[in-house]
Structures are given as C-alpha cells and as structure tokens.
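Analysis of the macromolecular model
Here is what each chain is made of, one letter per residue.
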Amino acid sequence: MSNLKDPSLLKGACLVDGAWVQAASGETIDVTNPADGSVVGRVPNLAPEEMPAVIAAARKAQKDWAALAAKDRSAKLRRWFELMLENVDDLGLIMTLEQGKPLAEAKGEIAYAASFIEWFAEEAKRVYGDTIPAPRANQRITVIRQPVGVTAAITPWNFPAAMITRKAAPALAAGCSMIVRPADLTPLSALALGELAVRAGIPAGVLQVVTGSASKIGKVLTDSEVVTKLSFTGSTEVGRLLMAQCAPTIKKMSLELGGNAPFIVFDDADLDAAVEGAIASKYRNAGQTCVCANRLYVQRGIYEAFAAKLAEKVKALKVGNGIEPGTEIGPMIEPKALDKVEDHIADAVSKGAKLILGGKRLGGLYFEPAILTGVTSEMKVAKEETFGPLAPLFVFDTEEEVIAMANDTIFGLAAYFYTRDHARMVRVSEGLEYGMVGHNTGLISNEVAPFGGVKQSGLGREGSKYGIEEYLELKYICSAL
Ligand SMILES: NC(=O)C1=CN([C@@H]2O[C@H](COP(=O)(O)OP(=O)(O)OC[C@H]3O[C@@H](n4cnc5c(N)ncnc54)[C@H](OP(=O)(O)O)[C@@H]3O)[C@@H](O)[C@H]2O)C=CC1
Ligand SMILES: O=C(O)[C@H](O)CS(=O)(=O)O
C-alpha cells in the first residue's frame, strides 16, 4: 500500500486498551485483495484466552467514559468524524484493496460511515429523561436513560466501515464502550478507524478492535456476563446462532440480517427512473448488499420494455479492478460468492428462465452482471438472497398479486416500488411487510433514517434518533417525599 498518504493508517495489530498488540502466539491472518489475490496486510489471530483482558479493559473504560459530560463525548466523536473525512482518500483506498468495491464507492462509503459519527455526536447531547405525574401526592417519578454498559459488535465484509460506525457511534455517544470484531476478509478498514479514534482522543478501552476466529472470539463475547449487548450484521444463519448464544446471559441484541428485497415496477412508473433505480439498488457493491434488489417484479404491460432498457444499461457497466478509474463493478468478495450466483442462474435456467445478459465468469473473482427473464416463484432466486450482480425479472398482473409475492419470504429488510399513483403509493407502502420501503428510489440508506428489518431480517434499528435507544436502558426512580 505504498500509495497511502499516511501509511500509519495501515495497521497490522489489534487495538486493545489503547495499545496496538499482536497475538501472544504471533499468529496472523492474511488479508487479500479480491482484485488479484495479493496480500495487502496481515492482522493478528487473537486467541479466545486473550479476550478476557479486552473485556476487562472495556469495563474499566466504560465507567469513566459514561461519567464524562455528554458534550465532551460529543466533541471527541466529532473529531473522529472530521478525521475520517480528512483521510477519506486513504480510507477509501484501504477499503478498495481489501474489499474490491470501486474506489468512488469506497470513498462514498467512508463519507456515509462518517455521517453516523457526526449524527450521533449530535444525538449524544439529546439523551433526555422524563418526569411522570405520580399516583400518590408524596411521590415523584423520574425516568433517566443510562448506557447499557460494555457492548460488542460483529460486522461483515460488505461495508467494512459503515457497519462499524453505525454501531460504534451510537454506543459511544450513549456512554457505552464497544469491542469490535470485524470480518476476517476486511479488518484493515476497521483497524484504520480504530487508529483515527485514538487520534480523536477517544480514551483507551472505549473502542477496541480485535481480529481472529469469528466463532471463538464470538463465543467469548456472547458468554460474557460483562458484555451486556451484542450488535451483529451478517447472515440470518449466524444471527440465529448468536441469538442462541446470547440467551443464557439475556443480552440485549441488535441484528441486521439477510434481506430478499422485492423491487416492484408498476405500469404507470417512470420507466427510465425505474431502470436507474434498479441499477443503483441491484448492482451497487456488485450486488453484495443486504438491502439490494433481489427480486424484480415488473407489471406485464411494461415487462419487455423494462427488460430491454435494463439490459442496455447493464451491458455498459464497466467491470474491473476497483482502483482503475471508471470501474463500476469490482470483483466479488470470494469464490463461494461467484458459485452462489452461478447456482442461482443455473437453477433458474433449468426451470425455464432465460439468461438475456451476462452471467459468465470473467477470470479471478470477476463476474459479468446478469439478467434473467421469465423467472417464477419456484426458482431459488425467489427465496434465497443471491448477494451478487444478478437481476431476476418476474412478471405480475395486479397490485394484490405482487404484494403477496413480495411478502412471500421469511425476510423483511427493504422493499422498493415505482409508481406515480398516489393512492397506490400509500396502499403498497403500508402493505409491504418490510422495515424499509423505497418509493420511486433505489437508494434508501442514510444516517437520519432508521435502518433495520422485520421478520427474520433482524431486530432493532440503526441510525436516526431511534438508533441510540439500542444502547440505552431506562431507569425509573420513584421518590417518596
Ligand atoms: N446483513 C448484511 O449486511 C450481510 C448479510 N450477509 C449474508 O450472509 C451471506 C454469507 O456471508 P458471510 O460473510 O459468510 O456472512 P456471515 O454471517 O457468515 O458473517 C458476518 C460476520 O459474522 C462473523 N461470523 C461468522 N460466523 C460466526 C460465528 N459462528 N460467531 C460469531 N461471528 C461469526 C463473520 O466473521 P468471518 O467473516 O471472519 O468469518 C463476519 O464478521 C451473504 O451471502 C449474505 O446473504 C453477509 C454479509 C452482510
Ligand atoms: O447501509 C446500507 O446500505 C446497508 O447497511 C448495506 S447492508 O449492510 O444492508 O448490506
């Protein structure tokens, strides 16, 4: 990474109690560039036996951090936010090299990630309580909000920075400490954020970043009686496992899990806008996004026209190494991601769908963006998250039919629809069983709105004024005069 303006942002150590440490065993994990397989960094393979010290540091630091005036916590978070923006070029490059997304997208994610820190730096000052009229004359009732304490986050590889700040910023704003365990595939962005947190003056132990076996470190965190909250973003399968592991200690949990987003285009939609929205939603991050369109439902009257326009635009998308200017789709994260897209295409084609564009491996981890037509609910793409650059087009006739099809899934994260009819907008928004709905837009994520799903897509909300509540407990105080 000789191109970094500030090479000291590239860390090969864990951030524990304010110090950069190696695993006692000296073992490391290679971080590779999905664009060419080269090793871009090495991080410690911390053993589970090394975790109690991390948890103890988080407990010790949390008390003093919570005791600071909210305004002082806010100022440190604000500085962290500023440092992220000052270092956007380096942070973007680190992300592209370990994750593969195009540099412009990576820098966009850094700005998006930083926006959560800015937002919660402001929210830190607005953690209000209540007074409640008491049922007896000699009583006074007050309600205060207090930090939940020591928290932990387990985060995925697809958004290596934003999934951390969307958890750490509200946690720290509320007065919690947080132990972050990023994905093995993309730990370098997390460690760079840790370095900037140190530079921002966030005290030792308040934010720690550990790398090593997910299941072993995860088990120590979930078993701990000191860790009172776990926030996880990743697959529904691992979310279920972690929920079970957290049951014995009755931990508070936030879970941002899988999605299977429907993207519905009605006959009356602005077709060009719908195609643009579909591309933004479906092909961003090579389709490796939990909120990305997974099933595209197009009303019969415009089905052919939509398919043709979409194919024309998708064909022009430039696939390549994320650091090359103009790249719009980078490599996928790992071989099994390509296997899954290929499997979904093969399954659909074997059941009668037609591959009208792409769908081929382009060498290494590159995959040609694909479109399927004639897709039906019997195919795997209807039930499973593809997590890749494949747009399967289903046809529908009526509003009732498409709402039923859209809701026919265990998931309920994000849904999108395009219509210019106002009454339909209200009916469909209310009828979709999803935590987030985009109307005439394919991009819904931002720091001011509550991000999260219903059904098996998870628990809790991140971002927005609601996000900080996940890190606060209510305490009711009844005072007899
Ligand atoms: N909601 C979302 O944003 C995401 C959803 N997904 C969905 O999940 C699928 C699989 O992706 P994948 O990356 O494997 O997702 P996982 O759920 O396996 O991984 C997410 C995070 O959990 C960690 N993890 C994995 N197993 C355990 C465990 N037993 N205990 C504690 N932590 C664990 C991972 O670590 P490590 O990577 O080091 O193993 C990673 O940090 C995707 O195809 C997609 O459908 C994936 C990523 C994000
Ligand atoms: O912020 C987003 O758009 C999402 O969090 C991306 S993902 O985690 O749902 O994939």
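The residue numbers shown here count from 1 along each chain, following its written sequence. Labels follow written order: the first chain is A, the first ligand is 1, and so on. Confidence filtering applies because this is a predicted model: local features only for residues at pLDDT of at least 70, side-chain atom pairs given and counted only at 80 or more, and all residues used for totals across whole chains, interfaces and linings. Heavy atoms throughout the structure, all of them, feed into the side-chain values; hydrogens and water do not.

Some thoughts on the UniProt feature "active site" (unreviewed entry) in the protein
The test is simple: UniProt positions are given in the numbering used here, feature names are shortened, and annotations may be inferred rather than shown by experiment. Helical segments are the DSSP runs of H or I of at least four residues, strand segments are the runs of E of at least two, and each set is numbered from the N terminus.
Residues annotated by UniProt as "active site" (unreviewed entry) correspond here to Glu256. Relative to the helices and strands, glutamate 256 is located in strand 11 (residues 252-256).

With respect to the sheet that holds strand 13 (residues 293-299)
Heads up, the rule is: We call two strands paired when DSSP finds no fewer than two bridges between them. Lines fitted to C-alpha atoms define the axes, with helix axes restricted to the stretch in contact, and inter-axis angles between N-to-C directions lie between 0 and 180 degrees. The contact criterion used throughout is that any non-hydrogen atoms of two residues lie within 4.5 Å.
Within the open sheet, the seven strands sit side by side as 14-15-16-13-12-17-18. Their pairing is mixed. Every interior strand has two partners, whereas the edge strands, strand 14 (354-357) and strand 18 (436-439), have only one. Shown here is a sheet whose adjacent strand axes are inclined to one another by a mean of 25°, direction ignored. The strands that helix 14 (residues 422-431) touches are strand 13, strand 17 (414-418) and strand 18; relative to strand 17, the one it contacts most, it runs at about 165°.

Here we look at the packing of aromatic side chains
Filter applied, for reference: Aromatic rings from Phe, Tyr and Trp, taking only the six-membered ring of Trp, are treated as a pair when their centres fall within 6.5 Å; an angle between ring planes under 30 degrees marks them as stacked, one over 60 as edge-to-face, and anything in between as tilted. Between buried and exposed lies partly exposed: a residue is buried under 20% and exposed over 50% of the maximum accessible area for its type, with that area taken using a 1.4 Å probe on protein chains only.
Applying the stated criterion across every chain yields a total of six aromatic pairs. With 5.4 Å between their ring centres and 85° between their planes, phenylalanine 266 and phenylalanine 396 make a pair best called edge-to-face. Remark: phenylalanine 396 occurs in strand 16 (residues 390-396) and phenylalanine 266 occurs in the loop between strand 12 (261-265) and helix 9 (271-283); sequence separation between them is 130 residues. The same class applies to phenylalanine 266 and to phenylalanine 396, which are both buried.

Comments concerning the UniProt feature "domain: Aldehyde dehydrogenase" (unreviewed entry) in the protein
Residues annotated in UniProt with the feature "domain: Aldehyde dehydrogenase" (unreviewed entry) correspond here to residues 20-477. Secondary structure within residues 20-477 divides into 40% helix and 21% strand; the distance between the first and last C-alpha atoms comes to 42 Å.

A look at the pairing of strand 6 (residues 139-147)
Two elements, strand 5 (residues 130-132) and strand 6, share three bridges in a ladder whose sense is antiparallel. Across the sheet, the residue bridging to aspartate 130 is valine 143, located in strand 6. The loop that links strand 5 with its antiparallel partner strand 6 comprises six residues. By the bridge criterion, nine bridges tie strand 6 to strand 20 (residues 472-480) in an arrangement that is antiparallel. Its bridge partner being in strand 20, isoleucine 141 is matched across the sheet by cysteine 478.

With respect to the site of ligand 1
Put simply, the test is: For this purpose, a residue is taken to be near a molecule or strand whenever a single non-hydrogen atom of the residue falls within 4 Å of it. Nitrogen and oxygen atoms within 3.5 Å of one another constitute a polar contact, given that in protein one can donate a hydrogen and the other can accept it, and given that sequence-neighbouring residues count only through two side-chain atoms. Basically, the charged four are Asp, Glu, Lys and Arg, the nonpolar ten are Ala, Val, Leu, Ile, Met, Phe, Trp, Tyr, Cys and Pro, and anything else, Gly included, counts as polar.
Taken together, 23 residues surround ligand 1, and among them Thr155, Trp157, Ser235, Cys290 and Glu385 come closest. The side chain of tryptophan 157 places a nitrogen or oxygen atom 2.5 Å from an oxygen atom of ligand 1. One nitrogen or oxygen atom from the side chain of glutamate 385 is found 2.5 Å from an oxygen atom belonging to ligand 1. At the level of elements, helix 7 (214-223), strand 10 (227-233) and helix 8 (236-246) are the ones that each hand at least two residues to the shell around ligand 1. Counting residues per element, the shell around ligand 1 draws most heavily on helix 8, which supplies three residues. Its residues placed into classes, the shell around ligand 1 shows 12 nonpolar, six polar and five charged.

Focus: the nonpolar core
Test applied: What makes a nonpolar core is a set of buried Ala, Val, Leu, Ile, Met, Phe, Trp, Tyr and Cys residues whose side-chain atoms join them at distances within 4.5 Å.
Of all hydrophobic cores here, the largest spans 69 residues; its most connected members are Ile264, Val265, Leu296, Phe306, Leu310 and Ile371. Listed in part, the 61 residues of the second largest apolar core include Leu9, Ala61, Trp80 and Ile110.

Thoughts on the side chain of glutamate 98
Position of glutamate 98 relative to the elements: it lies in helix 3 (residues 88-99). A distance of 2.8 Å separates the side chain of glutamate 98 from the backbone nitrogen of leucine 188, its partner in a polar contact. With near-sequence residues (within four places) excluded, glutamate 98 lies in contact with Val31, Thr32, Pro34, Val40, Pro160, Leu185, Thr186, Pro187, Leu188, Ser189 and Ile333.

Some words on the site of ligand 2
The condition is simple: Methods summary: accessible areas were calculated by the Shrake-Rupley approach with a probe of 1.4 Å, and residue burial reflects only the protein chains presented.
Every residue lining ligand 2 is accounted for by Tyr112, Asn158, Phe159, Met163, Arg166, Arg284, Thr289, Cys290, Val291, Ser445 and Phe451. Tyrosine 112 has a polar side-chain atom sitting 2.5 Å from an oxygen atom of ligand 2. Contact distances for ligand 2 include 3.2 Å between an oxygen atom and a side-chain N or O atom of arginine 284. In isolation ligand 2 exposes 280 Å². Once the protein is present, 99% of that is buried. For the shell around ligand 2, a count of residues per class yields six nonpolar, three polar and two charged.

Comments concerning the sheet that holds strand 20
Ordered by their spatial adjacency, three strands build an open sheet running 5-6-20, and the pairing between neighbours is antiparallel. Each edge of the sheet is formed by a strand with only one pairing partner; in this case those strands are strand 5 and strand 20. Within the sheet, the average angular offset between the axes of one strand and its neighbour, ignoring direction, is 25°.

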